[in-house]
Structures are given as structure tokens and as C-alpha cells.
Amino acid sequence: MSFTQLSRLFREQYLANRAPTPVSYDLFDVKQYQGETLKEYISRFKAQVVKVGTPDEPMIVYAFRKWVCPGSFSKSLNRSRPKTFAEVRRRAVEHIAFEGEAYEKCTTAAPTRPRAQMRTQPATERKNQDRKRTYETRRTQPKVEQKEGEREIDL
């Protein structure tokens, strides 16, 4: 057996273990996970776009829009649809900055409620809780068997 034959056999043996080359429809496999930030999702998606190397901008934008989690950013993409992925990234950066400012404003500006006020409940909440408990009790109580000659009374 010559070296050429040996190298050919080696390549044939291990060629199946090689990862397939990425194709453009692999972009549809990149989905935003629940709890994943928009910034993380864009980074993963961009990496896949680079691997695929497709110049088809409408398909890239469609794949991104399809798997971004529902929310205000997703709604804005559906209202005015971007033409290029660069436009998607620009809008995402603006959205991320806006969300960061809103989060900071909410956490720093909102005063905490004093403990004494936390314990007291409005009367309407107490009534609703009492109704719920009554309903739960009725639902979970076993039905009493009816003897012959007695009428069933619904409560």
C-alpha cells in the first residue's frame, strides 16, 4: 500500500466526522432564547451570518425577525420593516440603550414602600381573597351522597 492510497483511505474514513459547511437557511436555526438579551441574540446571529456568508439581505432580515422574542422591539420591526441587517442592528442598539435608561430610571427613581404600608391590604383585596377561599373550599369538598327521596340542593 502506497502513501497516496493510505492518505485517500484516511480522508474517506474521517470525512464524515467533519462539520457540514453552513448554508444560508441555517440562519433560521438561530433563535432568541427566553431570558436572553437582545444584545446576546444579535451577537449569536451575526456570528452565524458571518459563517454563512450569504449576501441575501432580505432573507437575513426575515430570519432575524422570525425568531426574535415577542416584545416592543419585535413589534417595532413588524411595524416598519427594515431592508438591511445593518438597519436592524442600528435599531437594536437604540432599543437596547432606551431599555437600559428606562430600567435605570425605574430602579433608582422609584422610592421603596415603607414596611407598615406593605402589610395593610385594601378592603377590596381582602374581599376578593375571601371569595376565592370560599370558592376553593366548595370546589375541593367531596359531594355528599343523596339518599332516596331527598332533593339535591346546590349551594
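Just so we're clear, the structure is a prediction, and the values are computed from it rather than from any experiment.

How each quantity is defined
- Residues numbered from 1 in each chain as written.
- Predicted model: local features only at pLDDT ≥ 70, side-chain atom pairs only at ≥ 80, totals over all residues.
- Heavy atoms only, no water.
- Axes fitted to C-alpha atoms, helices over the stretch in contact; angles between N-to-C directions.
- Helix = DSSP H or I, 4+ residues; strand = E, 2+ residues; numbered from the N terminus.
- Left-handed = near helix turned anticlockwise from the far one by under 90°.
- Contact = heavy atoms within 4.5 Å.
- Nonpolar A, V, L, I, M, F, W, Y, C, P; charged D, E, K, R; others polar.
- Phe/Tyr/Trp six-rings, centres within 6.5 Å; stacked < 30°, edge-to-face > 60°.
- Buried < 20%, exposed > 50% of the residue type's maximum accessible area, 1.4 Å probe, protein only.
- Lys NZ or Arg CZ within 6 Å of the ring centre and 35° of its normal.

**Q** Hey, could you run me through the packing of helix 2 (residues 38-52) against helix 3 (residues 57-67) in this one?
**A** The geometry of a pair of packed helices is captured by two quantities: the angle between their axes and the separation between those axes. Where helix 2 meets helix 3, the axes come as close as 12 Å, and the angle between the chain directions of the two elements is 145°. Relative to helix 3, helix 2 is oriented so that their crossing is right-handed. Across the interface between the two elements, Leu38, Tyr41, Ile42, Phe45 and Val49 from helix 2 touch Ile60, Ala63, Phe64 and Trp67 from helix 3. Per-class residue counts for the contact of helix 2 with helix 3 are nine nonpolar, no polar and no charged.

**Q** Looking at this structure, I do not really get the packing of aromatic side chains. What am I missing?
**A** Working definition: an aromatic ring pair is given by the centre-to-centre distance plus the angle between the planes. One pass over the structure, following the stated rule, counts seven aromatic pairs. The interplanar angle of 80° and the centroid separation of 6.5 Å between the aromatic rings of Phe64 and Phe73 together place this pair among those described as edge-to-face. Each member of the pair, Phe64 as well as Phe73, is classed as buried. Taking 5.8 Å as the distance between ring centres and 70° as the angle between the ring planes, the aromatic pair formed by Phe64 and Phe85 counts as edge-to-face. With a gap of 21 residues between them, Phe64 in helix 3 and Phe85 in helix 5 (residues 85-109) connect regions that are remote in the sequence. Side by side, Phe64 and Phe85 carry an identical accessibility label, which is buried. Connected via pairs of aromatic rings, a cluster forms that spans Tyr41, Phe45, Phe64, Phe73 and Phe85. Here the basic side chain of Lys31 rests over the ring of Trp67, its NZ or CZ set 4.2 Å away from the ring centre.

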